[in-house]
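Residue-level listing of the chains:
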Amino acid sequence: MTYMELNKRQTEIFEIVKADGPITGEQIAERLKLARATIRPDLAILTMAGFLDARPRVGYFYSGKRPAQSVADSMTGMRVRDFQSIPVVVEENISVYDAICQMFLEDVGTLFVVDQSSFLTGVLSRKDLLRTSLGNNELEKIPVHVIMTRMPNITYCEKQDTLLHAAKKMIDKQIDSLPVVIDNGGGLEVVGRVTKTNITAAFLSLADDHEL
Ligand code: ADP
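All values derive from a computational prediction rather than experimental measurement.

**Student:** Honestly, the pattern of salt bridges in this entry has me stumped. Any pointers?
**Tutor:** Between side chains of opposite charge, pairing is possible as soon as their charged atoms come close. Scanning the model with the defined rule gives eight salt bridges in all. Of the charged contacts in the structure, one is a salt bridge between Lys8 and Glu12, with a shortest N-O distance of 3.4 Å. Residue Lys8 and its partner Glu12 are both found in helix H1 (residues 8-20); the two are separated by four residues, about one turn of the helix. A residue is classified by how much of its surface remains accessible, and Lys8, at 65% relative accessible area, is exposed.

**Student:** Explanation requested: the site of the ligand in the structure shown.
**Tutor:** Residues in close proximity to the ligand total 14 residues, the closest being Ser125, Asp128, Thr149, Thr155 and Asp176. At 3.0 Å, a side-chain N or O of Lys127 approaches an oxygen atom of the ligand. Within the contact set of the ligand, an oxygen atom lies 2.5 Å away from a side-chain nitrogen or oxygen of Asp128. Elements supplying a minimum of two residues to the shell around the ligand: strand S5 (120-125), helix H7 (126-133) and strand S7 (177-183). Per-element tally for the shell around the ligand: the top contributor is H7, with three residues. Residue composition of the shell around the ligand, by class: four nonpolar, six polar and four charged.

**Student:** How should I be thinking about helix H2 (residues 25-32) in this particular structure?
**Tutor:** Because the α-helix completes a turn every 3.6 residues, residues three or four places apart line up on one side. Among the residues making up H2, those that are buried are Gly25, Ile28, Ala29 and Leu32. Each buried residue of H2 lies within a common arc of 100° when the element is viewed along its axis, so the set occupies one face. Where H2 is buried, its residues touch H1, helix H3 (36-48) and strand S2 (59-62). Count one or two residues on from H2 and you reach Lys33, which has phi positive near 55°.

**Student:** Would you explain the environment of Arg36 in this entry?
**Tutor:** Mapped onto the secondary structure, Arg36 falls in helix H3. Residue Arg36 is classed as partly exposed on the basis of its relative accessible area, which comes to 21%. Each C-alpha atom of the pair Arg36 and Asp128 lies 68 Å from the other, and the pair is 92 residues apart in sequence. When near neighbours in sequence (up to four residues on either side) are disregarded, Arg36 contacts Gly25, Glu26, Ala29, Leu43 and Tyr60.

**Student:** Where do I start with the packing of helix H8 (residues 163-173) against helix H9 (residues 196-209) in this structure?
**Tutor:** Packed helix pairs are characterised by how far apart their axes lie and by the angle those axes make with each other. Where H8 meets H9, the closest approach of the two axes is 11 Å, and the angle between their N-to-C directions is 135°. One finds that H8 runs oblique with respect to H9. Considering the relative orientation of H8 and H9, their crossing is left-handed. Judged by residue contacts, Leu163, Ala167 and Met170 of H8 engage Lys196, Ile199 and Ala202 from H9. Taken together, the residues of the contact of H8 with H9 sort by class into five nonpolar, no polar and one charged.

**Student:** Any chance you could explain the pairing of strand S8 (residues 188-195) here in plain terms?
**Tutor:** Successive side chains on a regular strand alternate, one facing one side of the sheet and the next facing the other. Along S8, six of the eight residues are buried, which leaves the element largely enclosed by surrounding structure. As paired elements, S7 and S8 share seven bridges and run antiparallel to each other. Note that in S8 the partner of Val181 across the bridge is Val190. Here S7 hands over to S8 after four residues, with Gly185 in that stretch at a positive phi of 85°.

What counts as what
Residues numbered from 1 in each chain as written. Predicted model: local features only at pLDDT ≥ 70, side-chain atom pairs only at ≥ 80, totals over all residues. Heavy atoms only, no water. Salt bridge = Lys/Arg side-chain N within 4 Å of Asp/Glu carboxyl O. Helix = DSSP H or I, 4+ residues; strand = E, 2+ residues; numbered from the N terminus. Buried < 20%, exposed > 50% of the residue type's maximum accessible area, 1.4 Å probe, protein only. Near = heavy atom within 4 Å. Polar contact = N/O pair within 3.5 Å; in protein donor to acceptor, adjacent residues only side chain to side chain. Nonpolar A, V, L, I, M, F, W, Y, C, P; charged D, E, K, R; others polar. Arc of directions from axis to C-beta. Contact = heavy atoms within 4.5 Å. Axes fitted to C-alpha atoms, helices over the stretch in contact; angles between N-to-C directions. Parallel < 35°, antiparallel > 145°, perpendicular 65-115°, else oblique. Left-handed = near helix turned anticlockwise from the far one by under 90°. Pairing = 2+ DSSP bridges.

Honestly, that's just the spatial picture; any functional story needs more than this.
Next comes the structure, spelled out in structure tokens:
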């Protein structure tokens, strides 16, 4: 998306309002030695694009909000590394029973499974554990590697990826979280976790930054 360019007169009007607002259209026109009608289209553009606000009997003032276009800029600038959470990892041989306890203790919805070299081998979701628990009372005896979703079927991201890219992966694959990994040749080292909660937090921070 291209950032809206203001022409010279629009920039002058914006600067006047920013410095001296609230100010009426008449007063702005006087300052520029132009007719009120001449600057009317410029004022319309500036208010519609969100650069300025206008109120009857008050005049034009600087809204302090960033114009709508820059929401897109902020969004594409959001990186996984700025919003990721700490990952919770377990070893392949722990039991389903212990994994359930771990999930409660750590208060997470997904566990990542690693091998002895600490490389990512699997993912365990709430429903993976629930499914195994149904009608099974020997959960201490089942190792998680039997039930986990395993490599190479794991969707992951890296910390420099955009948050938008990570969000799209979660929606496309219908999953709640992604491991954030460093690919160091031999395997994937898990360094973070991106969840739908992180995406919601990012969504809110966007609104906050733009005073929406
Ligand atoms: P739940 O199963 O609790 O609804 P998810 O929607 O995250 O949670 O998981 C759905 C399925 O996808 C589960 O079988 C899980 O193992 C698997 N899964 C979860 N996250 C990933 C991932 N990042 N990559 C591949 N598979 C995943």
